[in-house]
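Chain and residue survey
What follows is the residue order along each chain.
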Amino acid sequence: MSELRERVVSARIEPGASLVVDGPLLSTCLRRLLENALEAGTGPVLVVARREGGRTSFSVLDESGADAFGPEWHPTPFLTTKPNHIGLGLALTQRDVALLGGRLEFLRNPGGETCVRMTFESTERAR
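These remarks concern the structure in this document. (Residues numbered from 1 in each chain as written. Predicted model: local features only at pLDDT ≥ 70, side-chain atom pairs only at ≥ 80, totals over all residues. Heavy atoms only, no water.)

1. Observations concerning the pattern of salt bridges
Spelled out, the test is: Salt bridges are identified by distance alone: a Lys or Arg side-chain nitrogen within 4 Å of an Asp or Glu carboxyl oxygen. Secondary structure elements are taken from DSSP: a helix is a run of H or I of four residues or more, a strand is a run of E of two residues or more, and numbering for both begins at the N terminus.
Summed over all chains, the structure comprises six salt bridges. Linking E35 and R31 is a salt bridge whose minimum nitrogen-to-oxygen distance equals 3.3 Å. Residue E35 and its partner R31 are both found in helix α2 (residues 23-40); the two are separated by four residues, about one turn of the helix. Its salt-bridge partner being D96, residue R95 comes within 2.7 Å of it at the nearest N-O pair. What emerges from the salt-bridge pattern is a single network uniting R32, R95 and D96.

Next comes the structure, spelled out in structure tokens:
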């Protein structure tokens, strides 16, 4: 497990920004995306939290290679080669992000890097 932890790099673009959301559900979504990225490749995985123009996003970036997400990708449940998994992680994440009022995007650049991004409209909490 520690070798997986060593592959994760995190960045928080705007310290102190807040998002009012179901914290445990958001954490579960991030965990699923991070586990998926770590299992898909062997290189580092970058997790970025950013607030920009009334939106908050969490991105998980990795170099998972040619069989990563394309523009036509959609989660296909029950398709996995991982032992003790049933292949629902991304489909459940997509559902849970929608329940949180957010949007889940799957992007891939020509260099082979994959980015899965959760975006939420930011709401200000009264202080």
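2. Points about helix α3 (residues 89-99)
Put simply, the test is: For each residue, the accessible area found with a 1.4 Å probe, counting protein chains only, is set against the maximum for its type, and the residue is called buried under 20%, exposed over 50%, and partly exposed in between. What the arc describes is the spread of directions from the helix axis to the C-beta atoms. What makes two residues a contact is simply this: any of their non-hydrogen atoms within 4.5 Å.
What α3 keeps buried is the set L90, T93, D96 and V97. All buried residues of α3 lie within an arc of 125° about the axis, which places them on one face of the element. Tucked into the core, α3 has its buried residues touching α2, β4 (103-108) and β5 (114-121). G101 occupies a position one or two residues after α3 and carries a positive phi of about 85°.

3. Here's the deal with the sheet that holds strand β1 (residues 8-12)
Which entries qualify depends on this criterion: If DSSP finds at least two bridges between two strands, the strands pair. Lines are fitted to the C-alpha atoms to define the axes, a helix being fitted only along its stretch in contact, and any angle between axes, read from their N-to-C directions, falls within 0 to 180 degrees.
Pairing is mixed across the open sheet formed by five strands, whose spatial order is β1-β2-β3-β5-β4. One side of each edge strand has no neighbouring strand; the edge strands of this open sheet are β1 and β4. Averaged over all pairs of adjacent strands, the angle between their axes in this sheet comes to 15°, without regard to strand direction. In this sheet, β5 lies alongside β4 in antiparallel orientation, the contact comprising six bridges. Opposite R108, over in β5, you have T114 as the bridge partner. This element, α3, spans β4 and β5 of the sheet and lies at about 135° to β4.

4. Regarding the nonpolar core
Operational definition: What is meant by a nonpolar core is a set of buried Ala, Val, Leu, Ile, Met, Phe, Trp, Tyr and Cys residues, joined one to another through side-chain atoms within 4.5 Å.
Of all hydrophobic cores here, the largest spans 18 residues; its most connected members are L26, L33, L104, M118 and F120. Of all the elements in the fold, those that place two or more residues in this core are α2, β2 (45-52), β3 (55-62), α3, β4 and β5. For this core, the element with the most residues is α2, which contributes five residues.

5. Observations regarding the environment of E35
The partly exposed category is assigned to E35, whose relative accessible area is 35%. For E35 and G89, which are 54 residues apart along the polypeptide, the C-alpha to C-alpha distance reads 9.2 Å.

6. A look at the pairing of β2
Direction of pairing for β1 relative to β2: parallel, over a ladder of five bridges. Within β2, the position partnered with R12 by the bridge is A49. As defined by bridge partners, β2 adjoins β3 across seven bridges and the pair is classed as antiparallel. Across the sheet, R50 pairs through a bridge with S57, a residue of β3. Between β2 and β3, which pair antiparallel and follow one another directly, the connecting turn spans two residues, one of which, G53, has a positive phi of 50°.

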